[in-house]
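Spelled out from the first residue to the last, the chains are:
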Amino acid sequence: MKRLNLSKYRILTLAGGVIIITAAFFIGTGVGSYCTLCPLGLLQIAAASGSLPTGMLFGTLSGLIAVLVLGRFFCGWFCPTTLIKKVFGSNGKKYQPSEKANKYIKRLPVLIAAGSVAVSFLAGFPVFCLICPIGIFFGFIFAVMKMLFVLEPSWNLIIFPAILTAEILIFKKWCSYICPVSALFSLVSKIPFVRFRPVLNSQTCISHSGGLCSSCIRSCPEGINITENDEDMNTKCTSCMECIDNCPTHSLSYARNKTNNNQEDL
Amino acid sequence: MKISRRTFIKLISAVSAAPKQALCAENGRQNFLRPPGAASEKEFLERCNRCQKCVQVCPTNVVMPASLSYGLIDMNTPVVTFKVSYCNSCMKCTEVCPTGALKPISKEKLDIGVAVISETDCVAWEWTGCTVCVDECPLKAIYLDENKRPVVIPEKCNGCGICELKCPSTALRKTTRNKGVIVKPRTGGVPAREYSEEAGSGKS
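The structure displayed is predicted, hence computed values, not measured ones. For every chain, the first residue of the written sequence is number 1, and numbering continues from 1 onward in sequence order. Chains carry letters from A onward and ligands carry numbers from 1 onward, assigned in written order. Local features in this predicted model are restricted to residues whose pLDDT is 70 or higher, and side-chain atom pairs enter the listing and the counts only when it is 80 or higher, whereas totals over whole chains, interfaces and linings include all residues. Here the side-chain values reflect all heavy atoms present in the structure, with hydrogen atoms and water set aside.

With that out of the way, let us pick up the overall build of chain B. Put simply, DSSP H or I for four residues or longer makes a helix, DSSP E for two residues or longer makes a strand, and each gets a number counted from the N terminus. Secondary structure assignment for chain B yields nine helices and six strands. Burial analysis of chain B (204 residues in total) assigns 47% to the buried set. When checking whether two residues touch, look at their non-hydrogen atoms; a contact exists if any pair is within 4.5 Å. Counting contacts in chain B only where the partners sit at least 6 residues apart, residues at least 24 apart contribute 64% of the total. Roughly 10900 Å² of accessible area belongs to chain B as shown, and the carbon and sulfur atoms make up 54% of that amount. In this scheme, a residue with accessible area under 20% of its type's maximum is buried, one over 50% is exposed, and one in between is partly exposed, where area comes from a 1.4 Å probe on protein chains only. Using a 1.4 Å probe, the Shrake-Rupley method yields the accessible areas, and only the shown protein chains count as cover for residues.

Salt bridges are counted wherever a side-chain nitrogen of Lys or Arg sits within 4 Å of a carboxyl oxygen of Asp or Glu. This structure, assessed with the given rule, holds 12 salt bridges over all chains. Here Glu 43 of chain B makes a salt bridge to Lys 103 of chain B, at a shortest N to O gap of 2.7 Å. Within this pair, whereas Glu 43 of chain B is found in helix 3 (residues 41–47), its partner Lys 103 of chain B is found in the loop between helix 5 (92–96) and strand 3 (114–117), the two being separated by 60 residues in sequence. The class of Glu 43 of chain B is partly exposed, set by a relative accessible area of 28%. For Lys 103 of chain B, a relative accessible area of 31% corresponds to the partly exposed category. Asp 145 of chain B is the salt-bridge partner of Arg 149 of chain B, the closest N and O atoms lying 3.4 Å from each other. Overall, the relative accessible area of 23% leaves Arg 149 of chain B in the partly exposed class. Classification of Asp 145 of chain B by relative accessible area gives buried; the value is 14%. Several salt bridges share partner residues, and in doing so they unite Arg 10, Lys 86 and Glu 242 of chain A into one network.

A few words now on the confidence of the model for chain B. Residue and element names in this part refer to chain B. The pLDDT value expresses, per residue, how confident the predictor is, ranging between 0 and 100. Of all residues in chain B, 83% have pLDDT values of 70 or greater, and the mean over the chain is 82. Contacts of residues 200–204 to residues separated by more than four positions or lying in other chains number three contacts, the stretch itself having pLDDT below 50. For this predicted complex, the interface confidence score (ipTM) comes to 0.82, while the overall pTM stands at 0.85.

Mapped onto the elements of the fold, Thr 176 of chain B is located in the loop between helix 9 (169–172) and strand 6 (181–184). Setting aside chain neighbours within four positions, we find Thr 176 of chain B in contact with Asp 121, Ser 169 and Thr 170 of chain B.

Residues and elements named next belong to chain B. Phi is positive for Asn 61, close to 60°, though the residue is something other than glycine. Within the secondary structure, Asn 61 sits in the loop between helix 4 (53–57) and strand 1 (63–65). On the basis of relative accessible area, Asn 61 is assigned to the buried category, the value being 13%. One non-glycine residue, Met 91, lies in the positive phi region at around 60°. Within the element layout of this structure, Met 91 appears in the loop between strand 2 (78–80) and helix 5. With a relative accessible area of 5%, Met 91 lands in the buried category.

Next up, the structure:
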């Protein structure tokens, strides 16, 4: 059976979301950018203003329910950071910190999430939104719109691409070591629920029958050890489908992940 | 990079000393306009997450994201500029705001700011003859005084910006670079707007 190369369609979704949000400006429909669904934004506003932004609740909660099932799918399929990485990024060597450093650095995004909520409370405005690459990306798009429609070019046209380049292309590990939004997604996906993730069929897997194959691990942008029931699969997987498309024996499929339950039984 | 204990304490004290000047949202001193429905500047900044929904929805493109020159904290938050258009009081921006930074208000209570005549730039203040802002104002909030000079009634003005948009001062005078009438935020001494049912509905 000819397989659908889902990772090829991913860039269409990534670009499509941005195009829809930009098109909404021309039509005059307020769909908002991804910031309207941001759980970190919700927490920061709640901390800064002392009351829940009720208009955001429904969208954010439905987004989080999707995260419960699909994990960090937003990062792989919608986040403009991933789009920038796919378009401009090079597939250079992945920086791997030492085992000891990794233990601390893994907690950094959650700490930043908690810290930005705390600083928002002190400073009285959502602080992380100032440097969040998602917000800055859309800020750049609307700065371009401002230049075209109001004929008022602004500093944002220079500053925003500079910040984005620094955050994403120069410092390559923004998503895994800084991004507090994806840290919140990881936290949420720790809650046991019906999980859909790439599932390995160990009967046909080359490395399970003693062969030397690590196509899936090498293709994984998150560095998850797919062949060995890595617990990162539940929290870190962005459902980008790269491993499934790269598997030479078609041993991986996107399905309900029950491996963790089995481990507990054994 | 290794950080000694002393440097760490220095860093912490620097960070804890910073917020009052660098981080805290400042009150007053603000010289730009917020979209309709923004309660106070402090409350607005507390809630705005820069999602650009109001920018998207504005049919006349007056709501635009602020540039860095408005201030670091105000960067990317929506502001109102009357360079190419005016507010037609559709109130869509107040309806779509998901965070409550812009609160839904009725057309009659629209109050973006107040038009202020610049006596140095206004052509009619220098030499009579121009009545553009008086003719254009939909709320009859500008009248001509006995010397044929335009005067704004702040209680009637809702800051829709038609006068600023249509003001021909820059075209009429080679030396004038600013508009003769500019919408400014309602601060201190300016009396509050008096709401009336007819205002903005086109009846008056």
